[in-house]
Amino acid sequence: TNSIRAYAKLQGKGWEFYIQKLSIMLGRSPSTYQISDTSIEVDVFLGPSEIISKKHLRIDYNPKERYWELFCFGKSGVFINGERYEPFCHPVPL
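All residue numbers refer to position in the chain's written sequence, counted from 1. Residue-level local features of this predicted model are given only where pLDDT is at least 70; pairs of side-chain atoms are given and counted only at 80 or more, and the full residue set underlies all totals for whole chains, interfaces and linings. With hydrogens and water stripped out, all remaining heavy atoms of the structure feed into the side-chain values.

### Let's talk about the sheet that holds strand 6 (residues 44–45)
Link 1 in the chain: The rule for pairing is simple: two strands pair if DSSP sees at least two bridges between them. Helix and strand definitions here come from DSSP, where helices need a minimum of 4 consecutive H or I residues and strands a minimum of 2 consecutive E residues; each element is numbered from the N-terminal end. The strand order across the open sheet built from five strands is 6-3-7-8-11, with neighbouring strands paired in mixed fashion. Each having just a single partner strand, strand 6 and strand 11 (92–93) make up the two edges of the open sheet.
Link 2 in the chain: By the bridge criterion, two bridges tie strand 3 (residues 23–27) to strand 6 in an arrangement that is parallel. Across the sheet, residue Gly27 finds its bridge partner in strand 6, namely Phe45.

So, in structure tokens, the structure goes:
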């Protein structure tokens, strides 16, 4: 068996992503793109749709609380377990 070392796994329709670091960015952009002199990296490409922002979500591990948190930056917000969260709302425990 081929084992993958990861903290967690994200899974969607037809894709999966193994979280191998304590903070990941999800968004519309290709893996890396340039804005001025700053390079912005996206770990999970969510597709080319305009409703997905270039930097839509970030998932971080919170060691104090011992759980993962989602931060929404996308202008269209995000739905988690059927509940809508607006951009820049409080961190959402996962």
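There is more to say after this.
### Here's the deal with the pairing of strand 1 (residues 8–12)
Link 1 in the chain: Sheet analysis places strand 1 next to strand 2 (residues 15–19), joined by five bridges and oriented antiparallel. Bridging from a neighbouring strand, Leu10 pairs with Phe17 of strand 2.
Link 2 in the chain: The hairpin formed by strand 1 and strand 2 contains two residues between the paired strands, and Gly14 there has a positive phi angle of roughly 80 degrees.

### Some details on the nonpolar core
Link 1 in the chain: Ranked by size, the top nonpolar core spans 14 residues in total, and within it Leu10, Ile24, Leu26, Ile59, Leu70 and Val78 carry the most contacts.
Link 2 in the chain: Within the residue set of this core, elements represented by two or more residues are strand 3, strand 7 (57–62), strand 8 (67–72) and strand 9 (78–80).
Link 3 in the chain: A per-element tally of this core places strand 8 first, with three residues.
Link 4 in the chain: Between two residues, a contact is recorded if the distance between any of their heavy atoms is within 4.5 Å. Ile59 has contacts with Leu10, Leu22, Ser23, Ile24, Leu26, Trp68, Glu69, Leu70 and Leu94, leaving out every residue within four places of it along the chain. Only buried residues count toward a nonpolar core, which is a set of Ala, Val, Leu, Ile, Met, Phe, Trp, Tyr and Cys residues joined through side-chain atoms within 4.5 Å. Note on classification: 1.4 Å probe, protein chains only; a residue is buried when its accessible area is under 20% of the maximum for its type, exposed when over 50%, partly exposed between these limits.

### Details of the side chain of Asn62
Link 1 in the chain: Its location among the elements puts Asn62 in strand 7.
Link 2 in the chain: With a relative accessible area of 15%, Asn62 lands in the buried category.
Link 3 in the chain: Setting aside its immediate chain neighbours within four residues, Asn62 contacts Tyr67 and Glu69.

### Notes on the environment of Phe71
Link 1 in the chain: With respect to the helices and strands, the residue Phe71 is situated in strand 8.
Link 2 in the chain: Remark: the alpha-carbon pair of Phe71 and His90, spanning 19 residues in sequence, is separated by 7.3 Å.
Link 3 in the chain: Residues in contact with Phe71, not counting those within four places in the same chain, are His56, Leu57, Arg58, Asp60 and Pro91.

### Some details on the pattern of salt bridges
Link 1 in the chain: Between Lys or Arg on one side and Asp or Glu on the other, a salt bridge is scored when a side-chain nitrogen of the former is within 4 Å of a carboxyl oxygen of the latter. Taken as a whole and assessed by the stated rule, the structure comprises five salt bridges.
Link 2 in the chain: With a shortest N-O distance of 3.8 Å, Glu50 and Arg28 are connected by a salt bridge. Within this pair, whereas Glu50 is found in the loop between strand 6 and strand 7, its partner Arg28 is found in the loop between strand 3 and strand 4 (32–35), the two being separated by 22 residues in sequence.
Link 3 in the chain: Here Glu86 ties to Arg84 by a salt bridge, and the two come within 3.0 Å at their closest N and O atoms.
Link 4 in the chain: Residue Glu86 is classed as partly exposed on the basis of its relative accessible area, which comes to 43%.
Link 5 in the chain: Judged by relative accessible area, which is 36%, Arg84 ranks as partly exposed.

Just geometry here; none of it tells us what the structure is for.
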